[in-house]
Each structure stands twice: as C-alpha cells, then as structure tokens.
Amino acid sequence: MTHTASTLPDTGCITRVRGLQVGHFTSDLRPTGCSVVLTPQGAVAAVDVRGAAPGTRETDLLRPGNLVEQVHAVVLSGGSAWGLAAATGVAEWLEEQGYGLDVGVGRVPIVPAAVLFDLPVGDAAIRPDAAAGRAACQAAGNTPCATGNVGAGAGATVGKLFGHGCAMKGGIGSASVTVHGVTVGALVAVNAVGDVLAPDGSILAGARTADGSALRDTTRSLLEGEHPQFALPGTNTTIGVIATDARLDKAQLQRLALAGHDGLARCITPVHTMLDGDTLFALSTGAAGAEQAPDMITLGAMAAEATQRAVQVALRSARTVHVGDLALPAASDWQTV
C-alpha cells in the first residue's frame, strides 16, 4: 500500500529543488523496489558514509579532488547488493536519452547508488534489476513524490535489534526547506536497526516488546543491560539523497551530506551502528539563481532539518505489511495488528 506526501502535513519534497526529478519502481511480486533522483543535465555531487556496512556504487568518484565533478542520477534500491543492478538500468536509459559524461567516443552516465537490505520481507530471490531502474526513470517527474511503501522503501523495516519479529514497517520519505529563494530537499529510505523518533522525542516506530503490545525503546533497553539479537552487518541501512539548487562545489556538498547525518541522529536511535550502512549523497543543481545564497552554516541546518523531516514522513506514511507469517505494523496502526 502506498501513501503520498500530498496527504500529509506539507513538509515539502525534494522535487522542489529545481533541476531534478524523482521516480519510483515498486515490485508487484514482493515488497521491494528502487528510487531514482535524476539530474540528466548533470549535478555536482558528494557522499558521506557513516554506517559501518554500506552497499554502494561509484562513491569513490565523488571524493573532492577526484576527476568526475558531476553525476546524472543517484539510485536508492532495495535488494541488498543485487539491487545495485538497478543503477545499470538507469545508466542505460540515460545513455539512450543522450545524457552522460562526454568521453569522445560516446557519453558515459555517472550513476552512484546505495542499497538497503530488505531480503527477509518476502521471496529474497525477487530484487530490483536493470529493468526496475529503467522503470523508475520512466516514472520520474518533478511533482511531489510518493512516500511510504514505495520504491526503495517498499520493503524497509525499523526496530530490529531484538529480532525481526519485533520490527515495524519503515519506508521512504521526502521533505524540503527553502530560505532566501534556495531550497534544500531530502529523499530518505529508512531501514534502520534502531527506533525512529517523532519531533517531540517520543518513539514513532521501532522495536516492540515480544508480545507486540508496546514499544520497547531500544536505546533504553541497551542501557539497562538487555542483550540485542545481532543480525549480520549490512542488514539495516538508512540511505538518502540531499539536494539543493544552490551552487556548491564537492567539498561544500560533502559538508552538506555530513549535516544530513546530523538529521538522522536527531530521529534514529541508535544510528550509524556496526549493523547499518548509513549513506547520504548530496547534489547541487545550481539552478536557484539567487543573488545571495544562504551561507554554509544555514545550508547545513537546512539539510539536517530536511533529512529529519524526510525520515519522519517515511514512517508516518508507511502502511502495515503482512508477508507469510511476518507482520510488520506501521506507525499509523501498529496497535491494531
């Protein structure tokens, strides 16, 4: 089941950043999918990885000082390492449209990607592939994007440190902040091992007690000495894209991505663990045309705020999923499952 940002309180959307489009592919066969942020004309990009177990593609290119300055899309995908194949489909689609880095003998689209682990939710043999990436491109637009159980958030879960049976449904969310004519937006797929907090600090979704009747409070449980049920590293991850229409270089964008992780830390607890592969990309389209863009401190504050709001939108717009014997209640209705 999907839920669109337009039916939630208006927190904005990454598509308010001029010069980009967002598209989702959601599988009909099991809860999984991929999401693409398209910048066909090219956007300066950077990345910041804080989780200990990332699954990524072409992140080395984004380091300040390396040759390639611009990317043409960023892909977020379910399916664990297999989901990186979705980026191949995006690159093929962009090449067919005539977009990419001109290398003399043709154009090579630069498409970084990050994946999350959603294989326990349904048949693990079903995961996003190149065709899924193509479909996400074909669905892309600049209207407010769908959130919740769509795209890379279709099979996402949260609150798994005490076993998958105590988990709740995650999802994908988006939000944006505009100051002085410049917008910073975020698109975040939330598949964290930890709990997700509401703006008031209460737990929005996370690990439930064994009988499913209450929220456990993962951090408090750990501090009281309760032993977690460790999963394999990389089986949890929050991945996302922060974008702005301010004109920034790679080094500035890396600081913007770092600030986005501050937003994750405000609302996911624990975050950036040995079991997570938390990765945030940052893009600059440079399309704002503002005479005086906000300073980097303000832009960082905007990035953190947009990221936090996007995480909370993801959880508020998620819907309960039943797959076989696995029930993943959503924040909106978990007490009725």
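The rules behind these values
Throughout this document, residue positions are counted from 1 along each chain, in the order its sequence is written. Thresholds applied to this predicted model are a pLDDT of at least 70 for local features of residues and 80 or more for the giving and counting of side-chain atom pairs; totals over whole chains, interfaces and linings are not thresholded and use all residues. Note that the side-chain values use all heavy atoms of the structure and ignore hydrogens as well as water. How sure the predictor is of each residue is captured by pLDDT, a score from 0 to 100. Contact definition: two residues touch when any of their heavy atoms are within 4.5 Å. Think of each axis as a best-fit line through the C-alpha atoms, taken over the contacting stretch in the case of a helix, with angles from 0 to 180 degrees between the N-to-C directions. Counting from the N terminus, the helices are DSSP H or I runs at least four residues long and the strands are E runs at least two residues long. Oblique is the label for any angle not under 35 degrees, not over 145, and not in the 65 to 115 range, which are roughly parallel, roughly antiparallel and roughly perpendicular in turn. Handedness of each helix crossing follows the sense of rotation of the near helix against the far helix: counterclockwise by less than a right angle gives left-handed, clockwise gives right-handed. Asp, Glu, Lys and Arg are counted as charged, while Ala, Val, Leu, Ile, Met, Phe, Trp, Tyr, Cys and Pro are counted as nonpolar; the rest, among them Gly, fall into the polar class. Partly exposed residues are those whose accessible area sits between 20% and 50% of the maximum for their type, while under 20% is buried and over 50% is exposed, using a 1.4 Å probe and protein chains only. For two strands to be treated as a pair, DSSP must find at least two bridges joining them. Patch rule: a residue counts if its relative accessible area is over 30% and it has no salt bridge; like charges are joined within 9 Å, and nonpolar side chains (Val, Leu, Ile, Met, Phe, Trp, Tyr) within 5 Å. In these tables, accessible area is a Shrake-Rupley quantity obtained with a 1.4 Å probe, and a residue counts as shielded only by the protein chains included in the view. Any Lys or Arg side-chain nitrogen located within 4 Å of an Asp or Glu carboxyl oxygen qualifies as a salt bridge. Classification of ring pairs uses Phe, Tyr and Trp, with its six-membered ring standing for Trp, and accepts pairs whose centres are within 6.5 Å; under 30 degrees between planes counts as stacked, over 60 as edge-to-face, and the remaining range as tilted. Placement of a positive charge over a ring is assigned whenever Lys NZ or Arg CZ falls within 6 Å of the ring centre and within 35 degrees of the normal to the ring plane.

### Re the confidence of the model for the protein
Here the protein shows a mean pLDDT of 91. Residues at 70 or above account for 94%. Considering only residues more than four positions removed or in separate chains, one finds that residues 1–6, a stretch of pLDDT under 50, has 15 contacts.

### Thoughts on the packing of helix α4 (residues 250–267) against helix α5 (residues 296–317)
Two elements in contact, α4 and α5, have axes whose closest approach is 7 Å; the angle formed by their N-to-C orientations is 45°. With respect to α5, the axis of α4 lies oblique. Here the hand of the crossing between α4 and α5 comes out right-handed. Taken together, the residues of α5 that come into contact with α4 (itself represented by Gln 252, Arg 255, Leu 256, Ala 259, Gly 260, Asp 262, Gly 263, Leu 264, Arg 266 and Cys 267) are Met 296, Leu 299, Gly 300, Ala 303, Ala 304, Glu 305, Thr 307, Gln 308, Val 311 and Gln 312. Tallied by class, the residues present in the contact of α4 with α5 amount to nine nonpolar, seven polar and four charged.

### Side note on the pairing of strand β18 (residues 279–284)
With six of its six residues buried, β18 lies for the most part within the structure. Here β18 shows two buried faces, one formed by Thr 279, Phe 281 and Leu 283 and the other by Leu 280, Ala 282 and Ser 284. Of the strand pairs in this sheet, strand β3 (residues 33–49) and β18 are connected by six bridges, and their pairing is antiparallel. Pairing of Asp 48 across the sheet is with Leu 280, part of β18. Bridge count between strand β16 (residues 237–244) and β18: six bridges; the pairing is parallel. Paired with Ile 239 across the two strands is Thr 279, which belongs to β18.

### A few points about the sheet that holds strand β15 (residues 203–205)
Pairing is antiparallel in the open sheet, where three strands are placed in the order β15-β14-β17. Both outer strands of the open sheet, β15 and β17 (268–269), are each paired with one neighbouring strand and no more. Bridging between strand β14 (residues 195–197) and β15 involves two bridges; their strand directions are antiparallel. What sits directly across from Leu 197, in β15, is Ile 203.

### Some points on a nonpolar patch on the surface
Together, Leu 101, Val 103, Val 105 and Val 108 make up an exposed nonpolar region whose accessible area comes to about 360 Å². On the basis of relative accessible area, Leu 101 is assigned to the partly exposed category, the value being 38%.

### Quick notes on the packing of aromatic side chains
The description of an aromatic ring pair uses the distance of the two centres, along with the angle that the planes make with each other. In the structure shown here, the tally under the stated rule is zero aromatic pairs. Stacked on the ring of Trp 82, the Lys or Arg Arg 127 has its end atom at 3.9 Å from the ring centre.

### Describing the pairing of strand β13 (residues 182–191)
Summarising burial for β13: ten of the ten residues are buried, a large majority. Going residue by residue along β13, you find Val 182, Val 184, Ala 186, Val 188 and Val 190 tucked away on one face and Thr 183, Gly 185, Leu 187, Ala 189 and Asn 191 tucked away on the opposite face as well. The loop that links strand β12 (residues 171–179) with its antiparallel partner β13 comprises two residues; one of these, His 180, has a positive phi angle of about 55°. As paired elements, β13 and β16 share eight bridges and run antiparallel to each other. Paired with Asn 191 across the strands is Thr 237, a residue of β16.

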